[in-house]
Amino acid sequence: MKVKLTFKLPEDYEDYRMTIDASSMHHVLFTLDQWLRGFIKYPPDDMPEGVYNTYQEVRDKLRELTREN
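Each chain carries its own residue numbering, running from 1 in the direction its sequence is written. In view of the model being predicted, local features appear only for residues whose pLDDT reaches at least 70, and side-chain atom pairs are presented and counted only at 80 or more, with totals across whole chains, interfaces and linings using the full set of residues. Neither water nor hydrogens contribute to the side-chain values; these are computed over all heavy atoms in the structure.

1. Focus: the pattern of salt bridges
The rule for a salt bridge is simple: a side-chain nitrogen of Lys or Arg has to be within 4 Å of a carboxyl oxygen of Asp or Glu. In total, this model carries 4 salt bridges according to the counting rule given. The residue Asp33 makes a salt bridge to Arg59 at a minimum N-O spacing of 2.8 Å. One end of the pair, Asp33, is in helix H1 (residues 13–41); the other, Arg59, is in helix H2 (residues 49–68), and 26 residues separate them in sequence. Salt-bridge contacts for Lys61 lead to Glu64; the nearest nitrogen and oxygen are separated by 3.4 Å. Of the two residues, Lys61 and Glu64 are both situated in helix H2; the distance of 3 residues between them amounts to about one turn of the helix. Residue classification places Glu64 among the partly exposed positions, given a relative accessible area of 30%. Ionic contacts of the salt-bridge type, sharing partners, join the residues Asp33, Arg59 and Arg63 into one network. For helices the rule is a DSSP run of H or I covering at least 4 residues; for strands it is a run of E covering at least 2, with both sets numbered from the N terminus onward. Partly exposed describes any residue whose relative accessible area lies between the buried limit of under 20% and the exposed limit of over 50%, with all areas from a 1.4 Å probe on protein chains only and scaled to the type maximum.

Listed below in structure tokens is the structure:
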């Protein structure tokens with residue numbers, strides 16, 4: 001299967017940039033998710049419980065948003 005996307009530039013420039021940057025943004029979100037996972041799975045010994053819970057909440061929200069979209 002082939003897909004061809006056509007943009008009318010400069011009018012569609014923003015849509016064009018979002019399309020070509022999608023892979024990079026996916027990588028950014030995945031890397032952020034893994035970074036948060038590291039803090040949750042291996043927290044520093046002196047990490048306060050409130051900070052730990054915040055990392056968990058942020059990761060949960062990130063994963064929720066990526067599933068919905």
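2. Observations regarding the nonpolar core
Definition of nonpolar core: a set of buried residues of the types Ala, Val, Leu, Ile, Met, Phe, Trp, Tyr and Cys, connected through side-chain atoms within 4.5 Å. Counting residues in each nonpolar core, the largest one holds 5 residues, listed as Leu36, Ile40, Met47, Tyr55 and Leu62. Residue assignment for this core shows that the elements contributing at least two residues are H1 and H2. Whether two residues are in contact is decided by their heavy atoms: any pair within 4.5 Å suffices. Not counting residues up to four positions away in its chain, the partners in contact with Leu36 are Tyr55, Val58, Arg59 and Leu62.

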